[in-house]
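Commentary on secondary and tertiary structure
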Amino acid sequence: SVARRCAFTSCDLLTPPSRTVATTTSFLRMSEDENAVETEESSETSEEDEEPTEDPEVTELKESITKLESTLKSKRSELTSLKDMADKYSQSGYARQVALVENNKRMRGANMADSKSAARASVLQSFLPALDEMDVIGAKYEGNAF
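1. Quick word on the overall build of the chain
In terms of helices and strands, the chain carries two helices and three strands. Sequence-ordered secondary structure for the chain, helices as α and strands as β, is β-β-β-α-α. Evaluated residue by residue, the chain yields a buried proportion of 4% over its 146 residues. A separation of at least 24 residues holds for 28% of the contacts in the chain among residues at least 6 apart in sequence. Split by element, the accessible area of the chain, about 13,600 Å² in all, is 56% carbon and sulfur.

In structure tokens form, the structure reads like this:
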């Protein structure tokens, strides 16, 4: 007897690549036995389902980048502190401090003058009722030459 083979497989084109694809292959043989059918099953797993292993070079580069970023951050903070110290201890920093001291003296003097004026005003305010009374008496006896 001559055996002929016909393969029937499931269509792999309709299955998304991220899923496991089960393929069933059936062979039909023409023989005296009409019910003889062989079945072969295979299971394929796509590469995306497997746990992706990271390349050691990529891991090394990531660690290097992390170290360089932390170094950059520390260098920037050090630069900022050095700039602040340069501003504070340079000639322009000294001039700025002198200007601040002069400004404080001027403000204290202005505040002191305001305090003196306020003190005079409060003293004069206590004499205002007496002055008003004298003005009233003066207006009453204006024509009288005592």
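2. Digging into helix α2 (residues 91–140)
Its 50 residues place the ends of α2 72 Å apart at the C-alpha level, agreeing with the 74 Å of an ideal helix rising 1.5 Å per residue. The largest bend in α2 comes to about 40°, at Phe127, with the proline Pro129 one to four residues further on.

3. Re the pattern of salt bridges
Across all of its chains, the model carries one salt bridge by this definition. A salt bridge links Lys62 to Glu54; its shortest N-O distance comes to 3.2 Å. Residue class for Glu54 comes out partly exposed when judged on its relative accessible area of 45%.

4. Examining the packing of helix α1 (residues 56–89) against α2
Running from amino to carboxyl end, α1 crosses α2 at an angle of 65°, the nearest separation of the two axes being 4 Å. Listed contacts from α2 to Asp87, Lys88 and Tyr89 of α1 are Gln91, Gly93, Tyr94 and Arg96. Residues of the contact of α1 with α2, tallied by class, amount to two nonpolar, two polar and three charged.

About the criteria used
- Residues numbered from 1 in each chain as written.
- Predicted model: local features only at pLDDT ≥ 70, side-chain atom pairs only at ≥ 80, totals over all residues.
- Heavy atoms only, no water.
- Helix = DSSP H or I, 4+ residues; strand = E, 2+ residues; numbered from the N terminus.
- Buried < 20%, exposed > 50% of the residue type's maximum accessible area, 1.4 Å probe, protein only.
- Contact = heavy atoms within 4.5 Å.
- Areas by Shrake-Rupley, 256 points an atom, 1.4 Å probe, with all protein chains shown as cover.
- Expected span 1.5 Å × (residues − 1).
- Bend = angle between axes of the 7 residues up to and from the residue.
- Salt bridge = Lys/Arg side-chain N within 4 Å of Asp/Glu carboxyl O.
- Axes fitted to C-alpha atoms, helices over the stretch in contact; angles between N-to-C directions.
- Nonpolar A, V, L, I, M, F, W, Y, C, P; charged D, E, K, R; others polar.

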